[in-house]
Amino acid sequence: EKGGWDSFMDKEIHEDPAAVQQTLMGRLSEDGEIQLDEVRIDENELKSIDKIVVVACGTASYAGMVAKYAIEHWVRIPVEIELAHEFRYRDPILTPRTLVVAISQSGETMDTLMALRHAREQGSKVLAICNTQGASIARESDAVLYTHAGPEVAVASTKAFVAQITAAYILGLYLAQIKGTVFRDEIRGTLDQLQAMPRKIQWILDTQVDTIAKAAAQLDDAKSFLFLGRHVGYPVALEGALKLKEIAYTFTEGFAAGELKHGPIALVDEGEPVVFIVPPARGRNILHAKVISGIEEVKARGATIIAVAEEGDPDVDRYADFVFWRPECPTLMSPLVDVVPLQLFAMDMANQKGYDVDKPRNLAKSVTVE
Ligand code: F6R
């Protein structure tokens, strides 16, 4: 079933491009409009939505965090992300105009299911972004947007993550379309950008695998790793940190790069590996300059720099000990490519240490207890 791959994880990372492509398929009409026939929430009701609350756990919650940057930008309504287990046991503010979006690969995560039940009891509409046909979370929601990543077998989530971001972006653009918050041409342009992403992910799989494996071979005895990013790179850093801890059992911490000087830089010592998600370099991107200055700061303290960066970024080349290149793309699209080297890196680290990458200790593929 692994179809020649060493592990399901390896196979599924290589299905990242298809996961994005299949999730886009059938949702765009000939004239470039988004069609979500499957979402059976009345269009007028969706038009009146004034807040989105994403409930999810783990990797799915990071996909939600990525989507927040895009949806707030396009739809101009607040998007909150909440861990499902935290959401359920406080007193969240929900109204009939709140759209709760439950993101789950398995569709059976009990924490997420309890959160969506709670939201529906409060009168909010719930839309599920789910990868498993007919799963509990899909069945109990008012609407479902399926991610078509195909079955995910490896415990660590990979292709489901890129599919979740894709589905959440489609939802965001759909809301922008019906609310009229973004010009049609711009929606179309953004859809074109999304459709170009599978090819860009494929480029990473075609060109960066050896570099990443070599880096893992040199770094596998490191005791801990820090992962830093800004803007959409921040949730990508959290996801990269989670992957490495769950399958390679390495202590990791992911945080927003802007926080460095507010505390975490105290952790940086000679040889400490620090992974940076570097924003696109083009167009004098202010975020890029800020992340580069973060790299300079930790480099000056002797850190080992691992960077995920846009092909040919000269600043990164100057400071980084290891670079995982990704093709040029707009900032909002970058998580779809940036996460891929981090998935491969975690897998290589775990393989290097002799662990079973598909079945990490203490973890189950779907967590059906609260
Ligand atoms: C991480 C991972 C978990 C899941 C989380 C939610 O690799 O797999 O963090 O993302 O348990 O699972 P789903 O998406 O099935 O609700």
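None of the values given here were measured: they were computed from a predicted structure.

A. How the structure looks around the packing of aromatic side chains. Enumeration according to the criterion identifies five aromatic pairs in this entry. Measuring from ring centre to ring centre gives 6.3 Å for Phe 225 and Phe 227, while their planes differ by 35°; the resulting arrangement is tilted. With centroids separated by 4.5 Å and ring planes inclined at 45°, the aromatic side chains of Tyr 249 and Tyr 355 adopt a geometry described as tilted. Within this pair, whereas Tyr 249 is found in the loop between α11 (233–248) and β7 (251–256), its partner Tyr 355 is found in the segment after α14 (334–352), the two being separated by 106 residues in sequence.

B. Spotlight on unusual backbone geometry. Even without glycine at this site, His 231 takes up a positive phi of about 55°. With a relative accessible area of 29%, His 231 lands in the partly exposed category. The backbone of Asn 362 sits at a positive phi, close to 65°, despite the residue not being glycine. Its location among the elements puts Asn 362 in the segment after α14.

C. Region of the structure containing the side chain of Asp 358. You can see Asp 358 is positioned in the segment after α14. We note that Asp 358 is buried and unpaired, the nearest opposite charge coming from Lys 2 at a distance of 4.8 Å. With residues near it in sequence (within four places) discarded, Asp 358 still touches Lys 2, Ser 7, Phe 8, Met 9, Ala 154 and Val 155.

D. Structural context of the site of the ligand. In the vicinity of the ligand lie 14 residues, with Ser 104, Gln 105, Ser 106, Thr 109 and Glu 246 positioned nearest. The separation between an oxygen atom of the ligand and a polar side-chain atom of Lys 243 is 2.9 Å. Out of a free accessible area of 400 Å², the ligand has 88% covered by protein chains. Among the detected pockets, the ligand sits in the largest pocket. At the level of secondary structure, the elements contributing two or more residues to the shell around the ligand comprise α4 (58–75) and α11. Taken together, the residues of the shell around the ligand sort by class into five nonpolar, seven polar and two charged.

E. Region of the structure containing the pattern of salt bridges. All chains considered together, the criterion is met by 17 salt bridges. The salt bridge involving Asp 50 is made with Arg 97; its shortest N-O contact spans 4.0 Å. With a gap of 47 residues between them, Asp 50 in the loop between α3 (43–47) and β1 (51–56) and Arg 97 in the loop between α5 (84–88) and β3 (98–104) connect regions that are remote in the sequence. For Arg 97, a relative accessible area of 44% gives the class partly exposed. Notably, a salt bridge pairs Glu 140 with Arg 117, separated by 2.8 Å at the nearest N-O pair. In this pair, Glu 140 is assigned in the loop between α7 (136–139) and β5 (143–146) and Arg 117 in helix α6 (residues 110–121), connecting sequence segments 23 residues apart. Owing to a relative accessible area of 22%, Glu 140 belongs among the partly exposed residues under this scheme. Look at Arg 117 and you get partly exposed, because its relative accessible area is 33%. Connected via shared salt-bridge partners are Lys 11, Glu 15 and Lys 159.

F. Expanded view of the pairing of strand β4 (residues 125–130). Of all six residues in β4, five are buried, a share of seventy percent or more. Two elements, β3 and β4, share six bridges in a ladder whose sense is parallel. Along β4, the bridge assignment pairs Ser 104 with Cys 130. The parallel pair β3 and β4, bridged by α6, forms a crossover whose chirality is right-handed.

G. Looking closely at the pairing of β3. Counting buried positions over the seven residues of β3 gives seven, a clear majority of the element. Burial of the side chains of β3 extends over both faces: Thr 98, Val 100, Ala 102 and Ser 104 are buried on one face and Leu 99, Val 101 and Ile 103 on the other.

H. Here's a closer look at the side chain of Thr 166. Turning to its location among the elements, Thr 166 is positioned in helix α8 (residues 159–179). Accessibility expressed as a relative area gives 0% for Thr 166, which makes it buried. Apart from the residues lying within four places of it in its own chain, the contact partners of Thr 166 are Val 20, Thr 23, Leu 24, Leu 194 and Leu 336.

I. Expanded view of the sheet that holds β3. Spatial ordering of the open sheet is given by β2-β1-β3-β4-β5, a layout of five strands whose pairing is parallel. Each edge of the sheet is formed by a strand with only one pairing partner; in this case those strands are β2 (79–83) and β5. Strand-to-strand twist of the sheet, defined as the mean angle between neighbouring strand axes without regard to direction, takes the value 20°. Note: β1 against β3, five bridges, orientation parallel. Counterpart to Val 53 in the pairing with β3 is Val 100. Each of β1, β2 and β3 touches α4; the most contacted strand, β2, lies at about 170° to it. Docked against the sheet, α8 engages β1, β3, β4 and β5, running at close to 140° with respect to β4.

About the thresholds
- Residues numbered from 1 in each chain as written.
- Predicted model: local features only at pLDDT ≥ 70, side-chain atom pairs only at ≥ 80, totals over all residues.
- Heavy atoms only, no water.
- Phe/Tyr/Trp six-rings, centres within 6.5 Å; stacked < 30°, edge-to-face > 60°.
- Helix = DSSP H or I, 4+ residues; strand = E, 2+ residues; numbered from the N terminus.
- Buried < 20%, exposed > 50% of the residue type's maximum accessible area, 1.4 Å probe, protein only.
- Lys, Arg positive; Asp, Glu negative; His and termini not counted.
- Salt bridge = Lys/Arg side-chain N within 4 Å of Asp/Glu carboxyl O.
- Contact = heavy atoms within 4.5 Å.
- Near = heavy atom within 4 Å.
- Polar contact = N/O pair within 3.5 Å; in protein donor to acceptor, adjacent residues only side chain to side chain.
- Areas by Shrake-Rupley, 256 points an atom, 1.4 Å probe, with all protein chains shown as cover.
- 1 Å grid on protein atoms, 1.4 Å probe; cavity = no way out; pocket = protein on both sides within 12 Å on 5 of 7 lines; lining within 4 Å.
- Sits in = over half its atoms within 2 Å of the grid points.
- Nonpolar A, V, L, I, M, F, W, Y, C, P; charged D, E, K, R; others polar.
- Pairing = 2+ DSSP bridges.
- Right-handed = clockwise from strand over helix to strand, strands pointing away.
- Axes fitted to C-alpha atoms, helices over the stretch in contact; angles between N-to-C directions.

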